[in-house]
Amino acid sequence: MAAVTVGPVESAPPVKKKGSIEHAALKDHLQSVAFLVPGAIWLLAIVIYPAIVTIKDSFFNETDTKAVGLTNYKDLFTTAETLIAFRNNVIWVLVFPFVVTTIGLVLAVLTERIRWATAFKTVIFLPVVFSVTASSMVFAQIFDVNPHVGVVNALTQTVEDVFNPPGAYPLQPGQTAASLASAGAVAGPHGTVQSTTAVKAGGVVKMGLTGFPPTTFQALGAVQAVAPKVVPGGVSGLVWRDFSPNNPTDSTSVLSGEDGYPQLHLSLVNSSGSAVASTTTSPAGYFSFSHVGAGTFHVRVPASNFTAGFGAGGVGTSWLGGQSLTPTANLSQTEQALLSVPLVDISMIVAYLWIWAGFTMVIVGAGLAALDRQALEASHVDGATEWQTLRRVTIPMLAPVLVVVLVTMIINVLKIFDIIINLGADTSEPGGQSSTLASDIYYKGFTDGIHTGLASALAVVLFLLVIPAMLFNLKRIKGGGS
Amino acid sequence: MTTTELPVAADPDLAIIGEGEVKGPGIWARFHAPRHLLTVFVILVALLWLLPSFSMLVISFRPEALFEQSGWWHLFANPAEFTISNYKNLFAGPKGGTVPSGFGAGGALDSLRTSLEITVPATVLVTLVSALSAYSLVFGRWRGRGFIFLTIVGLMVVPLQVAILPVVEGFSDMGKWTGWNPYGTIPGVVIFHVAFGLPFGIFLMRNFFRGIPKDLIEAGRVDGAGEWTLFARVVAPIGIAASASLAIFQFIWTWNDLLVALVILGADPHVPITLFIYDQERALAANFWIIATGSMASIVIPLAVFLSFQRYFVRGMLAGAVK
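Residues numbered from 1 in each chain as written. Chains lettered and ligands numbered in written order. Predicted model: local features only at pLDDT ≥ 70, side-chain atom pairs only at ≥ 80, totals over all residues. Heavy atoms only, no water.

**Digging into the overall build of chain A**
Okay, so step 1: Counting secondary structure elements, chain A contains 15 helices and nine strands.
Okay, so step 2: In chain A, buried positions account for 50% of the 482 residues.
Okay, so step 3: Here the analysis covers contacts within chain A between residues at least 6 apart in sequence; of these, 68% occur between residues at least 24 apart.
Okay, so step 4: In the structure as shown, chain A presents an accessible area of about 20700 Å², 64% of it carried by carbon and sulfur atoms. (Helix = DSSP H or I, 4+ residues; strand = E, 2+ residues; numbered from the N terminus. Buried < 20%, exposed > 50% of the residue type's maximum accessible area, 1.4 Å probe, protein only. Contact = heavy atoms within 4.5 Å. Areas by Shrake-Rupley, 256 points an atom, 1.4 Å probe, with all protein chains shown as cover.)

**Let's talk about the side chain of A:Arg87**
Residues and elements named next belong to chain A.
Okay, so step 1: Position of Arg87 among the secondary structure elements: in helix α4 (residues 80-110).
Okay, so step 2: Although Arg87 is buried, it forms no salt bridge, and the closest oppositely charged side chain is Asp345 at an N-O distance of 4.7 Å.
Okay, so step 3: At 3.1 Å, the side chain of Arg87 forms a polar contact with the side chain of Asn88.
Okay, so step 4: One polar contact links Arg87 to Ser340, side chain to side chain, over a distance of 2.8 Å.
Okay, so step 5: When neighbours within four sequence positions are excluded, Arg87 is seen to be in contact with Gln336, Ala337, Leu338, Leu339, Ser340, Pro342 and Gln433. (Lys, Arg positive; Asp, Glu negative; His and termini not counted. Salt bridge = Lys/Arg side-chain N within 4 Å of Asp/Glu carboxyl O. Polar contact = N/O pair within 3.5 Å; in protein donor to acceptor, adjacent residues only side chain to side chain.)

**Concerning the sheet that holds strand β8 (residues 286-289) of chain A**
Residues and elements named next belong to chain A.
Okay, so step 1: As summarised here, the arrangement of the four strands in space is β1-β4-β5-β8, forming an open sheet in which the pairing is mixed. Sheet topology places β1 (181-183) and β8 at the edges, where each strand pairs with a single neighbour. Mean inter-strand twist for the sheet, computed between neighbouring axes without regard to direction, equals 30 degrees. (Pairing = 2+ DSSP bridges. Axes fitted to C-alpha atoms, helices over the stretch in contact; angles between N-to-C directions.)

**Quick look at the pairing of strand β9 (residues 297-301) of chain A**
All names here are of chain A.
Okay, so step 1: Of all the five residues making up β9, four are buried; the element is thus mostly covered by neighbouring parts of the structure.
Okay, so step 2: Bridging between strand β6 (residues 265-270) and β9 involves four bridges; their strand directions are antiparallel. Looking across to β9, one finds that Leu268 is bridged to Val299.

**Brief notes about the sheet that holds strand β7 (residues 275-280) of chain A**
Residues and elements named next belong to chain A.
Okay, so step 1: Taken in spatial order, the five strands of this open sheet run β2-β3-β9-β6-β7, and their pairing is antiparallel. Edge strands, defined here as strands with exactly one partner in the open sheet, are β2 (185-187) and β7. Direction aside, neighbouring strands of the sheet carry axes that sit 30 degrees apart on average.

**Section: the confidence of the model for chain B**
Caution applies to low-pLDDT parts of the model: their predicted coordinates are not meant to be read in detail.
All names here are of chain B.
Okay, so step 1: Considering every residue of chain B, the mean pLDDT works out to 84; 85% of them sit at 70 or more.
Okay, so step 2: Highest mean pLDDT in chain B belongs to helix α3 (residues 108-139) (95); lowest belongs to helix α13 (residues 310-319) (83).
Okay, so step 3: Predicted confidence is poor over residues 1-16, with pLDDT under 50, and the contacts of this stretch with residues over four places away or in other chains come to 37 contacts.
Okay, so step 4: Contacts for the low-pLDDT stretch residues 18-25, under 50 throughout, to residues beyond four places or in other chains number 17 contacts. (pLDDT = per-residue confidence, 0-100.)

**Points about helix α5 (residues 161-178) of chain B**
Residues and elements named next belong to chain B.
Okay, so step 1: Between the first and last C-alpha of α5 there are 26 Å, a value that for 18 residues agrees with the 26 Å anticipated at 1.5 Å per step.
Okay, so step 2: Listing the buried residues of α5 in full gives Gln161, Val162, Ala163, Ile164, Leu165, Pro166, Val167, Val168, Phe171 and Gly175.
Okay, so step 3: Positive phi appears at Gly179, one or two residues downstream of α5, with a value of about 85 degrees. (Expected span 1.5 Å × (residues − 1).)

**A look at the interface of chain A and chain B**
Okay, so step 1: Tallying the contact residues gives 119 residues for chain A and 121 residues for chain B.
Okay, so step 2: Across the interface of chain A and chain B, roughly 10900 Å² is buried in total on both sides, 72% from carbon and sulfur atoms.
Okay, so step 3: Counting the surface chain A buries against chain B, the share from its top three residues, A:Phe35, A:Trp42 and A:Arg113, is 7%.
Okay, so step 4: Summed over the shared surface of chain A and chain B, the number is one salt bridge.
Okay, so step 5: On the surface where chain A and chain B come into contact, there are 11 residue pairs in polar contact (both at pLDDT 80 or more).
Okay, so step 6: Sorting elements by how many residues they give to the side of chain A that touches chain B places helix α15 (residues 452-479) of chain A first, with 13 residues.
Okay, so step 7: Split by residue class, the side of chain A that touches chain B holds 74 nonpolar, 30 polar and 15 charged. (Buried area = accessible area lost by both parts, 1.4 Å probe. Nonpolar A, V, L, I, M, F, W, Y, C, P; charged D, E, K, R; others polar.)

**A word on the confidence of the model for chain A**
All names here are of chain A.
Okay, so step 1: Residues of chain A with pLDDT of at least 70 account for 90%, and the chain-wide mean is 84.
Okay, so step 2: Of all helices and strands in chain A, the one with the weakest mean pLDDT is helix α1 (residues 19-34) (72), whereas helix α2 (residues 37-57) scores best (95).
Okay, so step 3: The low-confidence segment residues 1-17 (pLDDT under 50) makes 31 contacts with residues lying over four places distant or belonging to another chain.

**Here's the deal with the pattern of salt bridges**
Residues and elements named next belong to chain B.
Okay, so step 1: Summed over the entire model, instances satisfying the criterion amount to nine salt bridges over all chains.
Okay, so step 2: Between Lys176 and Asp173 there is a salt bridge, and its shortest N-O distance comes to 3.5 Å. Highlighted residues: Lys176 and Asp173, both in helix α5, separated by three residues, approximately one helical turn.
Okay, so step 3: Exposure remark for Lys176: the relative accessible area of 66% places this residue in the exposed category.
Okay, so step 4: Linked by salt bridges that have partners in common, Arg141, Glu218, Arg221 and Glu227 make up one network.

**Things to note about the pairing of β7(A)**
All names here are of chain A.
Okay, so step 1: When β6 meets β7, the two strands line up antiparallel, connected through five bridges. By the bridge assignment for β7, His265 is matched with Thr280.
Okay, so step 2: Connecting β6 to the next strand, β7, in antiparallel fashion are four residues, including Gly273 with a positive phi near 95 degrees.

**Some remarks on the packing of aromatic side chains**
Aromatic rings considered in pairs are described by the distance between their centres and by the relative angle of their planes.
Okay, so step 1: Scanning all chains against the criterion turns up 41 aromatic pairs over all chains.
Okay, so step 2: Note on A:Tyr169 and A:Tyr261: the rings are 5.0 Å apart at their centroids and 35 degrees apart in plane angle, and the pair reads as tilted. One end of the pair, A:Tyr169, is in the loop between α7 (151-163) and β1; the other, A:Tyr261, is in the loop between β5 (235-241) and β6, and 92 residues separate them in sequence.
Okay, so step 3: A relative accessible area of 0% means that A:Tyr169 is categorised as buried.
Okay, so step 4: A:Tyr261 gets classed as buried once you look at its relative accessible area, which sits at 0%.
Okay, so step 5: With a centroid separation of 4.9 Å and an interplanar angle of 85 degrees, the aromatic rings of A:Phe217 and A:Tyr261 are classed as edge-to-face. Of the two residues, A:Phe217 is situated in helix α8 (residues 214-220) and A:Tyr261 in the loop between β5 and β6; the sequence distance between them amounts to 44 residues.
Okay, so step 6: Members of the aromatic cluster, connected to one another through ring pairs, are A:Phe35, B:Tyr135, B:Phe139, B:Phe209, B:Trp228 and B:Phe231. (Phe/Tyr/Trp six-rings, centres within 6.5 Å; stacked < 30°, edge-to-face > 60°.)

**Quick notes on the environment of B:Asp257**
All names here are of chain B.
Okay, so step 1: Note that Asp257 resides in the loop between α9 (240-255) and α10 (259-264).
Okay, so step 2: Residue Asp257 is classed as buried on the basis of its relative accessible area of 12%.
Okay, so step 3: Residues Asp257 and Ile273, 16 residues apart in the sequence, show an inter-C-alpha distance of 9.5 Å.
Okay, so step 4: Setting aside anything within four residues of it in sequence, one finds Asp257 in contact with His193 and Thr274.
Okay, so step 5: Here the side chain of Asp257 touches Leu259 through a polar contact of 3.3 Å, landing on its backbone nitrogen.

Next comes the structure, spelled out in structure tokens:
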């Protein structure tokens, strides 16, 4: 600021002067400088001076009482907690600006000649006007883990139900197939239930299961279980609901009031463990396998009977959770911090694309509208295809605009904060899988006790990271003939 | 126009969202065959973009009790689910006393009012102070204007995290010495917003002012007009459209802020609407009906401002695609 001097005029007005005119001119000079004063004071007091204090604080301890040299910086680059924040900033900077600029370019090019492009562009642009806080809440419900709330899980669960249909007896969350076995049944391999004892041809199997409410049986049309008849040369039996309200303590015999398990898929498993036949139970829970041949067999209830589908308390993917998309099992804590790519980052990037694509589309679109049409036309005349024209002519001509958009988005995500603390919730806290530099500065500086030194060092690092973008802007604006 | 470092359409009338009306054949002019496919694709993209906001809107009109039981799309199978009770509860008052009432401290209407109390002064101050500074930078005849301008361009990208900790401390010091501590008050938030709105504001106004012929000012000076007169009578009327661009931009920017309010308001119960939503989300028993209705209420004003002044907003954005 020292360079401000109320000096001689650059291009002195060609006025021949008497004293009073000179006096008036000097007054004008002073006034025109005075116009800068409010802005200058504001920027000095609230931006420049505090930024210098932050730099100083970054070399001091937490309570700002003792100089500690580079300790804070050393801590930043060695603790897993802040390394996670750095990693997330890297993921954001590597992925987001490039993708959002590409989407903006594609949308701008696609809508270029559409008559109702204005309406389309307005629709895409609207999220730019919403607060990131409100938009984060929108995506919090879209990504909700419960498929009865979140539309993403509703879709994935519906698709999964098609390929992997739910069973007639879906387990509740936390319930296991093994817990169902009551009489004559034990847990089998891989979430199945099977008969306790082995049988030969002509044998009868009775399996009592519990764990499902009466409504399940009503819905499936269950009736009173009856003693199964013997099938010569085959294996027959009964699967029944081994719980009678009249006699709740009995857990072995088939009592009045105890229904069969209808629509249960069963398989007959031979002594070497492979399924040789399959069948389905009747409304009374009766089943039979005919002509089973020699050997001993178990009757098994496959796990597919217990698959919970979308409609029965199914739980979807935790899109906003910290689970990593890259394998991390054999890594040290530091390696994990640096190398894992949590799903929550990707989900947030998707939400942020929705927010910012309209911005890149409009700026690229304005660049497109200003292009020299003759060059494009010449390219067509020369027989270039659309794709060639786009790649060889349009994109190179647009390059300056694309670079500006890219740099703008890089600055934006370096400072990324609002979506992190809103959509990341618990995972945004220091050490959490979605935390970033800006969220760490907030939590460490203002909530989690006051870590002035560490928060200041983080802020300085953030500042250093935006300096290349600052230089880019300066060069661009200076070179632009200012 | 001085922002032509960016080769974007320089004609202000093109600088609106709907400048699809380009002259000459477009890129797709010869791309006949899949034209209808393109239309279908574009419509699908538009629907995809509408879906998130639309789902939130539907949630805000379904009974609270159904939120976790069935997806918002069930409303279309059961139109009887439609209710405005969420909005009634949000604005008119408490349900069981756990949610603050409309205009009570911490209520949704109080928060909307607080947002305005922050946004309006911040917008007016940024526009006014930026115009004054830009006038000095463009029409002043002191040395070092170029250097100051580049400093301001540099400040445009400074993350506010770099300054906010010492500002909070400085506010407290100010409280000790003068008896007035802006920390935890609306003026404190405004002061900070103005400081970080100024670099972009000055940049934008300077670029617009440079389009005003200097001869006009020189002629005024020769005629003996003072700087105030020139500013108020010559530059301000011409620069009104530029001011509108800046004001709209600043209004929406400030309205949507969370971080500054979060840090500087501290424990003040009167919070802007973004902080209201954030607090609800962080509450132990998060009520999504409040979050959904609150979010919808929070976007009404910026949406109205944007739709009314669209071209000013986009012009400002294009002129300074650097923030």
